[in-house]
Amino acid sequence: MCPTRVEDVVCPFCGCLCDDLAVTVEGERVVAVENGCTLANEKFTGDHRLPHPIRRRGGKWEETTYDEAIRETAEILLSAKRPLLYGWSGTVVEAQTIGVHLAELLGAVIDNTSTVCHGPSIMAIQEVGHPGCTLGQVKNRADVIVYWGANPIQAHPRHMSRYTTYADGFFVKSAFRERKVIVVDVRETDSSEVADEFVRVAPGGDYAVLTALRMIVRGKGEFVPDTVAGVPREQLERVAQTCLSAKFGAVFFGLGLTMSRGKYKNVRNAIELVEELNRHTKFTISPLRGHWNVYGSNEVFTWITGYPFAIDFSRGIAFYNPGETTAVDILRRGECDACLVVASDPGAHFPRACAAHLARIPTVQIDPHVNATTHLSRIQIPVGVTGIDAEGTAYRMDGVPLRTRKVLSRNVPDDVEVLGKIYALVREARG
Ligand code: SF4
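Reference entry: report on the structure contained in this document.

What counts and what doesn't
- Residues numbered from 1 in each chain as written.
- Predicted model: local features only at pLDDT ≥ 70, side-chain atom pairs only at ≥ 80, totals over all residues.
- Heavy atoms only, no water.
- Helix = DSSP H or I, 4+ residues; strand = E, 2+ residues; numbered from the N terminus.
- Buried < 20%, exposed > 50% of the residue type's maximum accessible area, 1.4 Å probe, protein only.
- Contact = heavy atoms within 4.5 Å.
- Salt bridge = Lys/Arg side-chain N within 4 Å of Asp/Glu carboxyl O.
- Phe/Tyr/Trp six-rings, centres within 6.5 Å; stacked < 30°, edge-to-face > 60°.
- Expected span 1.5 Å × (residues − 1).
- Axes fitted to C-alpha atoms, helices over the stretch in contact; angles between N-to-C directions.
- Parallel < 35°, antiparallel > 145°, perpendicular 65-115°, else oblique.
- Left-handed = near helix turned anticlockwise from the far one by under 90°.
- Nonpolar A, V, L, I, M, F, W, Y, C, P; charged D, E, K, R; others polar.

1. Things to note about unusual backbone geometry
Then comes step 1: Its identity is not glycine, yet Asn35 carries a phi of approximately 75 degrees, on the positive side.
Then comes step 2: Along the chain, the position of Asn35 falls in the loop between strand S3 (29–34) and helix H1 (38–45).
Then comes step 3: Unlike most non-glycine residues, Ala229 shows phi in positive territory, near 45 degrees.
Then comes step 4: One can find Ala229 in the loop between strand S11 (227–228) and strand S12 (231–232).
Then comes step 5: Taking the relative accessible area as the measure of exposure, Ala229 reaches 23% and is therefore partly exposed.

2. Some words on the environment of Val201
Then comes step 1: Tracing the sequence through the fold places Val201 in the loop between strand S10 (197–200) and helix H10 (206–217).
Then comes step 2: Since its relative accessible area comes to 2%, Val201 is described here as buried.
Then comes step 3: Along the primary structure Val201 and Ala150 are separated by 51 residues, whereas in three dimensions their C-alpha atoms are 13 Å apart.
Then comes step 4: Residues within four places of Val201 in sequence aside, it is in contact with Val184, Asp185, Val186, Asp206, Val209, Ala229 and Val231.

3. Some thoughts on the pattern of salt bridges
Then comes step 1: As enumerated under the stated definition, the model contains 29 salt bridges in all.
Then comes step 2: When the shortest N-O distance is used, the salt bridge between Arg238 and Glu197 registers 2.7 Å. Linking Arg238 in helix H11 (residues 233–244) with Glu197 in strand S10, this pair joins segments that are 41 residues apart in sequence.
Then comes step 3: In this structure Arg238 comes out as partly exposed when scored by relative accessible area, which is 44%.
Then comes step 4: Exposure remark for Glu197: the relative accessible area of 13% places this residue in the buried category.
Then comes step 5: Connected via shared salt-bridge partners are Arg55, Arg57, Glu62, Glu68, Arg71, Glu72 and Glu75.

4. Quick notes on the environment of Gly87
Then comes step 1: Assignment of secondary structure puts Gly87 in strand S6 (residues 83–87).
Then comes step 2: The spacing of Gly87 and Asn278 is 191 residues in sequence and 36 Å in space, taken between C-alpha atoms.
Then comes step 3: Once residues within four sequence positions are removed from consideration, Gly87 is found in contact with Asp111, Asn112, Thr113, Val342 and Ser344.

5. What to know about the packing of aromatic side chains
Aromatic ring pairs are reported here in terms of the distance separating the ring centres and the angle at which the planes meet.
Then comes step 1: In total, this model carries eight aromatic pairs according to the counting rule given.
Then comes step 2: Ring centres 4.9 Å apart and planes at 55 degrees place the aromatic pair Tyr86 and Phe350 in the tilted group. Of this pair, Tyr86 sits in strand S6 while Phe350 is found in the loop between helix H16 (346–349) and helix H17 (352–360), placing the two residues 264 residues apart along the sequence. For the pair formed by Tyr86 and Phe350, the shared burial category is buried.
Then comes step 3: A centroid spacing of 5.6 Å and a plane angle of 15 degrees characterise the contact between Tyr166 and Phe176, whose relative ring orientation is stacked. Of this pair, Tyr166 sits in the loop between helix H7 (159–163) and helix H8 (175–178) while Phe176 sits in helix H8, and the two are 10 residues apart along the sequence.
Then comes step 4: Grouped by ring-pair contacts, the aromatic residues Tyr295, Trp303 and Tyr395 constitute a single cluster.

6. Considering helix H13 (residues 263–277)
Residues lying three or four places apart along an α-helix face the same way, a consequence of the helix completing one turn every 3.6 residues.
Then comes step 1: Its 15 residues give H13 an end-to-end C-alpha distance of 22 Å, which sits within 8% of 21 Å, the value for a rise of 1.5 Å per residue.
Then comes step 2: Check the buried side of H13 and you find it contacts helix H4 (119–128), H10, H11, strand S13 (248–253), helix H12 (255–258) and strand S14 (282–287).

7. Points about H4
Then comes step 1: All of the buried residues in H4 are Gly119, Pro120, Ser121, Ile122 and Ala124.
Then comes step 2: Immediately beyond the C-terminal end of H4, within one or two residues, lies Gly129, with a positive phi of roughly 90 degrees.

8. Some points on the packing of H4 against H13
Then comes step 1: Relative orientation of the contacting elements H4 and H13 amounts to 50 degrees, with a least axis distance of 8 Å. By the angle between their directions, the pair H4 and H13 is classed as oblique. Handedness of the H4/H13 crossing: right-handed. On H13, the residues touching Pro120, Ser121, Met123, Ala124, Ile125, Glu127 and Val128 of H4 are Lys263, Tyr264, Lys265, Val267, Arg268, Ile271, Glu272 and Glu275.
Then comes step 2: Tallied by class, residues from the contact of H4 with H13 come to eight nonpolar, one polar and six charged.

9. Quick notes on the packing of helix H3 (residues 93–106) against helix H18 (residues 415–430)
Then comes step 1: Between H3 and H18, whose axes approach to 9 Å, the crossing angle comes to 20 degrees. Classified by the interaxial angle, the pair formed by H3 and H18 is roughly parallel. Every pair of crossing elements has a handedness; the one defined by H3 and H18 is left-handed. Contacts between H3 and H18 involve Glu94, Ala95, Ile98, His101, Leu102, Leu105 and Leu106 on the former and, on the latter, Asp415, Val416, Leu419, Gly420, Ile422, Tyr423, Val426, Arg427 and Arg430.
Then comes step 2: For the contact of H3 with H18, the per-class residue count stands at 10 nonpolar, two polar and four charged.

So, to be careful, I would describe these as geometric facts and stop short of saying anything about function.
Put into structure tokens, the structure is as follows:
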């Protein structure tokens, strides 16, 4: 069979959603990827899929059909008093939409992976707003970049080459020479090695360092102690000066800020530092979203319910209270009695007590691959890999929606089809 080359393919791995990939397809396999990083190459060419639906019987796995697996899943959800629908970041907005309607019909809790990544960022944005911009503006305008609590070289391998350190732009003709990059982190990383300035913060000291920078920018530097969370005042003054002299600055922050001591208050402080800098120059701030379409899940949940994650429909209306209705808290309290996991792997990322509860209750996973959650599940329904053999809409980390392409034509249903059938059965049963 002749290989086919497909261009302008959107990568289905991280929140960068790089849309300039070209892949070569031979039969039912991708055999080569151009422009992708190593994560993208593995995503497209790796072939460790579950070939058919499976269910656990007497402690052993057995094959089943799609119709049977879908019917059993609907029955599990219908007979649960407090079902949890979790995940959603690795799939398209069309599937996420069905998920929210299914949760409403069931009176379930629906949560996405923000709950363990940028949930605190969203809470801070709800309090003080979001002075953000698109990645295109960063590429073309920004002459100062700050990565705070993030290591893009490992987690978003093309972020620096497409948008910051190595990306020449309309107003920044020679990025590597003209663009200053500051990395703030608790340890040296691959990203700090290529930065112009590395600020090493003592673990848990981000809030104090942000406050000190705000004081310096506000002209109150004389009240800043000689050292703040391990950072000398001279370095803080230098960083503040670099930011103040920027024509256009951009802060990107990761889980080192959102999931360390202070959590959403850290992010709020960072946004307020950016607001302070905007009294002098133009500065923006944006979260580095990791899971592919997690931004889309926040959008879809908010369009339909008014809330971005952790939504509880058990009262008949949408109720949102992070810390109470978040998936980790519900599982840790042993509260839910069935769980549907879609396009995510909580078995690999959740605390042990949560994983143990998933193993106790009937857990169904909709995912193309065998992963840690498989071992906690009663049923797994494999689907097409979104962005490879299933298409749909996903949101880039800066809020730009992109249409993903289907590059393979495998005879396997996608998330939308499987969820649509589960929804239809539940709707029929509920009248
Ligand atoms: S940076 Fe992210 S979106 Fe871009 S090619 Fe790598 S994994 Fe894919």
